[in-house]
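# Structural overview
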Amino acid sequence: MLFHVRMDVQIPATLDPGARADLVAREKAYAQQLQRAGKWPHLWRIAGEYANFSVFDVESNDELHDVLSALPLFPYLDITVTALARHPSKVE
Ligand SMILES: O=C(O)CC1=CCC(=O)O1
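Note that this is a predicted model, so its numbers are computed, not measured.

## Points about the sheet that holds strand 1 (residues 2-9)
Spatial strand order, 2-3-1-4: four strands in an open sheet with antiparallel pairing. Each edge of the open sheet is held by one strand with a lone partner, namely strand 2 (42-45) and strand 4 (77-83). Between one strand axis and the next, the sheet turns through 15° on average, direction left out of account. Across four bridges, strand 2 lies against strand 3 (residues 51-57) in antiparallel orientation. Within strand 3, the residue paired with Arg45 across the bridge is Asn52. The strands touched by helix 2 (residues 61-69) within the sheet are strand 1, strand 3 and strand 4, with strand 1 carrying the most contacts at an inclination of about 25°.

See the structure below:
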């Protein structure tokens, strides 16, 4: 199942810089692990925003929830999920 996900990142300015760097490094490692596993086939920066558009390829809504809620940045993300279905005009 494919899901389009928008993530807006809102890390508090008051967060200790070392803690922030550790969080971002752990987010990157987890994101790259999921990309290598084929679960996160698209990850794009939204130009001009601290936000991304992503596509996740997972087995179920529950797996998507597990993957997203395990993101190290999860407490600081505003997440919008859109389920995707096949378009009838898409060339195979
Ligand atoms: O910076 C972001 O958009 C949040 C994020 C998702 C994966 C990652 O490494 O950072």
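## Some details on the packing of aromatic side chains
Applying the stated rule across the entire model yields one aromatic pair. On the numbers, 4.5 Å between centres and 35° between planes, the contact of Trp40 with Phe56 is tilted. Within this pair, whereas Trp40 is found in the loop between helix 1 (17-36) and strand 2, its partner Phe56 is found in strand 3, the two being separated by 16 residues in sequence. Overall, Phe56 belongs to the buried group, its relative accessible area being 0%.

## Here's the deal with the side chain of Asn52
Checked against the element boundaries, Asn52 lands in strand 3. You can call Asn52 buried: its relative accessible area is 7%. A polar side-chain atom of Asn52 sits 2.7 Å from a polar atom in the side chain of Ser54. Leave out the neighbours within four places in its chain, and Asn52 touches Val5, Arg6, Met7, Leu43, Trp44, Arg45 and Ile46.

## Describing the nonpolar core
Counting residues in each nonpolar core, the largest one holds 18 residues, and the members touching the most others are Val5, Met7, Trp40, Phe56, Leu64, Leu68 and Leu71. Going through the elements one at a time, strand 1, helix 1 and helix 2 are the ones with two or more residues in this core. Once residues within four sequence positions are removed from consideration, Leu64 is found in contact with Phe3, Val5, Phe56, Val58 and Val81.

## Remarks on the site of the ligand
All residues in the neighbourhood of the ligand are listed as Val9, Glu27, Lys28, Ala31, Trp40, Arg45, Tyr50, Asn52 and Leu73. One of the side-chain nitrogen or oxygen atoms of Arg45 is found 2.7 Å away from an oxygen atom of the ligand. A distance of 2.9 Å is found between an oxygen atom of the ligand and a side-chain nitrogen or oxygen belonging to Asn52. Contact with the protein chains removes 87% of the 280 Å² of surface that the ligand exposes when unbound. Of all the elements, helix 1 adds the most residues to the shell around the ligand, at three residues. Across the shell around the ligand, the residue classes break down as five nonpolar, one polar and three charged.

Parameters and conventions
- Residues numbered from 1 in each chain as written.
- Predicted model: local features only at pLDDT ≥ 70, side-chain atom pairs only at ≥ 80, totals over all residues.
- Heavy atoms only, no water.
- Pairing = 2+ DSSP bridges.
- Helix = DSSP H or I, 4+ residues; strand = E, 2+ residues; numbered from the N terminus.
- Axes fitted to C-alpha atoms, helices over the stretch in contact; angles between N-to-C directions.
- Contact = heavy atoms within 4.5 Å.
- Phe/Tyr/Trp six-rings, centres within 6.5 Å; stacked < 30°, edge-to-face > 60°.
- Buried < 20%, exposed > 50% of the residue type's maximum accessible area, 1.4 Å probe, protein only.
- Polar contact = N/O pair within 3.5 Å; in protein donor to acceptor, adjacent residues only side chain to side chain.
- Core = buried A, V, L, I, M, F, W, Y, C linked by side-chain atoms within 4.5 Å.
- Near = heavy atom within 4 Å.
- Areas by Shrake-Rupley, 256 points an atom, 1.4 Å probe, with all protein chains shown as cover.
- Nonpolar A, V, L, I, M, F, W, Y, C, P; charged D, E, K, R; others polar.

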